[in-house]
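Report on the structure
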Amino acid sequence: MTLIVFIVSLLAAMAVGVPVAFSLMFCGVTLMWYMGMFNSQIIAQNMIAGADTFTLLAIPFFVLAGELMNSGGLSRRIIDFAVACVGHVRGGLGIVAIVAAVIMASISGSAAADTAALAAILIPMMAKAGYNVPRSAGLIASGGIIAPVIPPSMAFIVFGVAANVSITQLFMAGIVPGILMGVALVVAWQITVRKDNIVPLLKASSAERLRVTGRAAWALGMPVIILGGIKAGVVTPTEAAVIAAAYAMFVGMVIYRELKPKDLPHVILQAAKTTSIIMFLVCAALVSAWLITAANIPGEITGYIEPLIDRPMLLMFVIMLLVLVVGTALDLTPTILILTPVLMPIIKQAGIDPVYFGVMFIMNCCIGLITPPVGVVLNVVSGVGRVPLGKVITGVTPFLLAQIAVLMLLVVFPEIVIVPAQWLR
């Protein structure tokens, strides 16, 4: 019965338009009332405990690094580098979008920010070159969701805190799946782009490629510093986030000189707004997570799926389908915060590697960013690229299917995630 109270109270609050963070708090209060243990101190204590975590300091700094990267010209130079390398091949601008999305993912970890930068620059270029605009917008949206999978990833940080799983191991385990998502998009794009009447770009000369690579070198060095420092054990993910923000500010202001001192207040304000939303969600979710444990909701769910506990692959299929459905209605962070405390006890009981599950879970949540009716990244592409949302949804379909195919492949062959992750750790 507690499971029904949890689900009904949460869905009812969101159905009447209550913001997700307040819906989570309302759900917690309802559970406390139902269990006869209402105490306002529980809410206050868990919210404070939720925010008082050193690891979560990585979030504001990675958010700030992403804002500085876009304002300081790092994003544009990464795109110029990709255009010089592969822009001349058939369907080259689509491959440029994917390559740039993977590189930018290894810098900011924000799906919305990366997608906005790519859409603003590439959609006009692709329209002028004769590409199908809705399909191009769909490709850019699908490339944008790679950002939370390839480290550094704010989604991994939130999941790691909520599930008590090593964030460093999650970062290392996300590299191969993120690259596979990019490869799947290249294949899907090359299949679908054959119908377009494309005017290919002129092939860049060796001198031009060298010049563009030199201009992008500072931007391309950022993921090397972040991931290299974490892998070598020199810095923690939180310390890497601080270095990333400082590096992006230095390059934008001193090297590229596109980031002016007068721009800093706006950039910092935008980062603060994004951080406040994420942190308030985390704090509110910790209240529900504590009560989920107190009400033994994972135990109730385990009772329903007990026949699957001894069949990990089938259990993963069922959980992935559940998360896909939930992802159509919820944003990335709320999905992580709501489902993690419910699913992790089941995963541990079934003997599934928590790091492997974390990567799969985040991948699945990211796919939810391009599935209607919510589809946050779809809305970003639609707004920035000025493409009707209905057309973006149509254009994203083949790439959405490609991402789901990668997800299911990794369910069947978990070694693709586990083995490289163990080697990288």
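Okay, so let's go over this structure. (Residues numbered from 1 in each chain as written. Predicted model: local features only at pLDDT ≥ 70, side-chain atom pairs only at ≥ 80, totals over all residues. Heavy atoms only, no water.)

Here we look at the overall build of the protein chain
Check the secondary structure of the protein chain and you find 21 helices and zero strands. Counting only C-alpha atoms and orienting by the principal axes, one finds that the protein chain spans roughly 70 × 45 × 45 Å. Residue burial in the protein chain is summarised as follows: out of 425 residues, 55% are buried. Partitioning the contacts of the protein chain with sequence separation of at least 6, the portion at a separation of at least 24 is 79%. Of the accessible surface of the protein chain, which amounts to about 17200 Å², a share of 69% is contributed by carbon and sulfur atoms. Taking the average location of the 21 positive side-chain charges in the protein chain and that of its 15 negative ones, the two points are 16 Å from each other. (Helix = DSSP H or I, 4+ residues; strand = E, 2+ residues; numbered from the N terminus. Buried < 20%, exposed > 50% of the residue type's maximum accessible area, 1.4 Å probe, protein only. Contact = heavy atoms within 4.5 Å. Areas by Shrake-Rupley, 256 points an atom, 1.4 Å probe, with all protein chains shown as cover. Lys, Arg positive; Asp, Glu negative; His and termini not counted. Charge placed at Lys NZ, Arg CZ, Asp CG, Glu CD.)

Things to note about the packing of helix H16 (residues 312-327) against helix H18 (residues 354-367)
Geometrically, a packed helix pair is captured by the angle between its two axes and the distance between the axes. Remark: H16 packs on H18, axes separated minimally by 9 Å, with the N-to-C direction vectors making an angle of 30°. As judged from the angle between their axes, H16 and H18 are roughly parallel. In this structure, H16 meets H18 at a crossing whose hand is right-handed. Residues Met316, Ile319, Met320, Val323 and Leu324 of H16 lie in contact with H18, whose contacting residues are Tyr356, Phe357, Met360, Phe361, Asn364, Cys365 and Ile367. Tallied by class, the residues present in the contact of H16 with H18 amount to 11 nonpolar, one polar and no charged. (Axes fitted to C-alpha atoms, helices over the stretch in contact; angles between N-to-C directions. Parallel < 35°, antiparallel > 145°, perpendicular 65-115°, else oblique. Left-handed = near helix turned anticlockwise from the far one by under 90°. Nonpolar A, V, L, I, M, F, W, Y, C, P; charged D, E, K, R; others polar.)

A closer look at helix H20 (residues 389-412)
Here H20 contains 24 residues, and its C-alpha end-to-end distance of 34 Å stays within 8% of the 34 Å for a straight helix at 1.5 Å per residue. Along H20, the largest kink reaches about 45° and is centred on Thr397; proline Pro398 follows within four residues of it. By the burial criterion, the buried members of H20 are Val392, Gly395, Val396, Phe399, Leu400, Ala402, Gln403, Val406, Leu407, Met408, Leu410 and Val411. (Expected span 1.5 Å × (residues − 1). Bend = angle between axes of the 7 residues up to and from the residue.)

Considering the environment of Thr293
Take Thr293: it is sitting in helix H14 (residues 264-294). Among the residues examined, Thr293 registers a relative accessible area of 58% and is labelled exposed. Taking the C-alpha atoms as reference points, Thr293 and Pro341, separated by 48 residues in sequence, lie 7.6 Å from one another.

What about the packing of helix H17 (residues 332-349) against H18?
In contact at an axis separation of 11 Å, H17 and H18 are set at 150° when each is read in the N-to-C sense. Between H17 and H18 lies a crossing of right-handed hand. Mapping the contact onto sequence places Leu332, Thr335, Ile336, Leu339, Thr340, Leu343, Met344 and Ile347 in H17 and Pro354, Phe357, Phe361, Ile362, Cys365 and Cys366 in H18. The residue inventory of the contact of H17 with H18, partitioned by class, reads 12 nonpolar, two polar and no charged.

So, H18
For H18, with 14 residues, the first-to-last C-alpha span of 20 Å sits near the 20 Å given by 1.5 Å per residue. Across the 14 residues of H18, 13 count as buried, placing the element largely inside the fold. The distance from a side-chain oxygen at the start of H18 to the backbone nitrogen of Val355 is 2.9 Å, and the residue carrying that oxygen is Asp353. (Polar contact = N/O pair within 3.5 Å; in protein donor to acceptor, adjacent residues only side chain to side chain.)

Some remarks on the nonpolar core
With 158 residues, the main nonpolar core has Phe159, Phe357 and Phe361 as its most contacted residues. Counting residues per element, this core draws most heavily on H14, at 13 residues. Look past the residues within four positions of Phe361 in its chain and what remains in contact with it is Phe159, Met320, Val323, Thr335, Ile336, Leu339, Thr340 and Leu343. (Core = buried A, V, L, I, M, F, W, Y, C linked by side-chain atoms within 4.5 Å.)

Remarks on the state of the cysteines
For the structure shown, the criterion picks out zero disulfides. There is no disulfide at Cys366, and the cysteine sulfur nearest it, in Cys365, is 7.0 Å away. (Disulfide = S-S within 2.5 Å.)

A few points about the packing of aromatic side chains
For the structure on display, the rule yields nine aromatic pairs. With a centroid separation of 5.3 Å and an interplanar angle of 70°, the aromatic rings of Phe22 and Phe280 are classed as edge-to-face. Within this pair, whereas Phe22 is found in helix H2 (residues 20-34), its partner Phe280 is found in helix H14, the two being separated by 258 residues in sequence. Exposure remark for Phe22: the relative accessible area of 46% places this residue in the partly exposed category. With relative accessibility at 31%, the residue Phe280 sits in the partly exposed group. When the ring of Phe357 is compared with that of Phe361, the centres are 5.5 Å apart and the planes differ by 10°; the resulting orientation is stacked. Linking Phe357 with Phe361, this pair stays in helix H18, spanning four residues, or about one helical turn. Here the two residues Phe357 and Phe361 agree in accessibility, since each one is buried. Members of the aromatic cluster, each reached through a chain of ring pairs, are Tyr131, Trp189 and Phe399. (Phe/Tyr/Trp six-rings, centres within 6.5 Å; stacked < 30°, edge-to-face > 60°.)

With respect to the pattern of salt bridges
Once their charged atoms are close, side chains differing in charge can pair, the charge on each being opposite to the other. In total, this model carries four salt bridges according to the counting rule given. Here Arg76 and Glu258 are joined by a salt bridge, their closest N and O atoms 2.2 Å apart. Of this pair, Arg76 sits in helix H5 (residues 74-86) while Glu258 sits in the loop between helix H13 (237-255) and H14; the two residues are 182 residues apart in sequence, bridging distant segments of the chain. Taking relative accessible area as the criterion, Arg76 reaches 33% and is therefore assigned partly exposed. The residue Arg77 makes a salt bridge to Glu258 at a minimum N-O spacing of 2.8 Å. Of the two residues, Arg77 is situated in helix H5 and Glu258 in the loop between H13 and H14; the sequence distance between them amounts to 181 residues. Three or more residues joined by partner-sharing salt bridges are found here, namely Arg76, Arg77, Asp80 and Glu258. (Salt bridge = Lys/Arg side-chain N within 4 Å of Asp/Glu carboxyl O.)

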